[in-house]
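Chain and residue survey
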Amino acid sequence: MAKVGIVMGSDSDWRVMHEVGEALDEFGIEYVVGVVSAHRMPEEMIAYGKTAHEKGIGVIVAGAGGAAHLPGMLAAVTPLPVIGVPVPLKYLDGMDSLLSIVQMPAGVPVATVSIGGARNAGLLAARILGASEGVEAERIRKQMLEFQADLKRIAQEKGERLKENLN
Ligand SMILES: Nc1c(C(=O)O)ncn1[C@@H]1O[C@H](COP(=O)(O)O)[C@@H](O)[C@H]1O
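Residues numbered from 1 in each chain as written. Predicted model: local features only at pLDDT ≥ 70, side-chain atom pairs only at ≥ 80, totals over all residues.

By the naming in an unreviewed UniProt entry, the chain goes by N5-carboxyaminoimidazole ribonucleotide mutase and is assigned to Gleimia coleocanis DSM 15436. Quoted verbatim from the Pathway (unreviewed entry) heading of the UniProt record, the comment on the chain is "Purine metabolism; IMP biosynthesis via de novo pathway; 5-amino-1-(5-phospho-D-ribosyl)imidazole-4-carboxylate from 5-amino-1-(5-phospho-D-ribosyl)imidazole (N5-CAIR route): step 2/2." Its UniProt record, at the heading Catalytic activity (unreviewed entry), says of the chain: "5-carboxyamino-1-(5-phospho-D-ribosyl)imidazole + H(+) = 5-amino-1-(5-phospho-D-ribosyl)imidazole-4-carboxylate". (UniProt positions renumbered as here; feature names shortened; annotations may be inferred.)

Turning to the overall build of the chain, a few remarks are in order. Tallying secondary structure elements over the chain gives 6 helices and 5 strands in all. Starting at the N terminus and walking to the C terminus, you meet the elements of the chain as β-α-β-α-β-α-β-α-β-α-α. Taken over the C-alpha atoms alone, the chain extends approximately 60 × 45 × 30 Å along its principal axes. Relative to its 167 residues, the chain shows a buried fraction of 37%. (Helix = DSSP H or I, 4+ residues; strand = E, 2+ residues; numbered from the N terminus. Buried ≥ 20, exposed ≤ 12 C-beta atoms within 10 Å, placed from the backbone.)

Two elements in contact, helix α5 (residues 118-130) and helix α6 (residues 135-166), have axes separated by 8 Å at closest approach and are oriented at 135°. Considering their axes alone, α5 and α6 lie oblique with respect to each other. As for how α5 packs across α6, the hand of that crossing is left-handed. Facing α5, whose interface residues are Ala126, Arg127, Leu129 and Gly130, α6 presents Ala137, Ile140, Arg141 and Met144. (Axes fitted to C-alpha atoms, helices over the stretch in contact; angles between N-to-C directions. Parallel < 35°, antiparallel > 145°, perpendicular 65-115°, else oblique. Left-handed = near helix turned anticlockwise from the far one by under 90°. Contact = placed C-beta atoms within 7 Å.)

Moving on to the UniProt feature "domain: PurE" (unreviewed entry) in the chain. The UniProt record marks residues 2-155 with the feature "domain: PurE" (unreviewed entry), using the residue numbering of this structure. Overall, residues 2-155 shows 47% helix and 18% strand. The separation of its end C-alpha atoms is 32 Å.

Within this structure's numbering, the places UniProt gives as "binding site: substrate" (unreviewed entry) are Ser10, Asp13 and Arg40. Inspection of the secondary structure assignment puts Ser10 in the loop between β1 (3-8) and α1 (14-26). When the 17 C-beta atoms within 10 Å are taken as the criterion, Ser10 is described as partly exposed. Note on placement: Arg40 falls in the loop between β2 (31-35) and α2 (42-51). The exposed category is assigned to Arg40, around which 12 C-beta atoms lie within 10 Å.

Near the ligand lie 18 residues; those nearest to it are Gly9, Ser10, Ser12, Ala38 and Gly65. Residue composition of the shell around the ligand, by class: 8 nonpolar, 8 polar and 2 charged. (Near = placed C-beta within 6 Å. Nonpolar A, V, L, I, M, F, W, Y, C, P; charged D, E, K, R; others polar.)

Most peptide bonds take the trans configuration, and most residues that are not glycine carry a negative phi. Unusually for a residue other than glycine, Leu92 sits at a positive phi of about 70°. In this structure, Leu92 sits in the loop between β4 (82-87) and α4 (95-102). You can call Leu92 partly exposed: it has 13 C-beta atoms within 10 Å. Of note in this structure, Asp93 is not a glycine but carries a positive phi near 55°. Looking at Asp93, the number of C-beta atoms within 10 Å reads 13, which means it is partly exposed.

This is the structure:
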């Protein structure tokens, strides 16, 4: 089974991006973590994007804050799906990052999650890998269905408890 490449513009993004890894851990999916910045190390970033698909990576999850060009620049050079995570910083609350990531020109898609939505990025990467053929993909799909059933059960139990407390 392909791995997920988790990359971020700075080690400071890990406070948000660690949730990508935690979601993948729950699904037994391997990942490799790295820091590559389009702004601070453009050559290394391009090399990462150009070679990721040759290194057993099937999906890239890229997080960055502020003028977040990393996800889009990776999408420009890789054939793999790229999921962008807007990382909120001290100023502008991540709106700058969200707009930088989501407003891609036609032809260069980045699947953008919500501001700070690292967990959903991990879950989306799991769904992408689970959509392929093979035993491992089948296992991920099955586990995702169980995960969704759990979500429903928990939401219903919480609703019931609220009703009991109010009535
Ligand atoms: N947005 C980018 C890019 C990029 O898009 O290439 N490289 C670094 N950064 C962002 O700068 C913020 C501050 O970084 P520092 O904490 O290192 O100063 C981080 O959120 C990072 O993702």
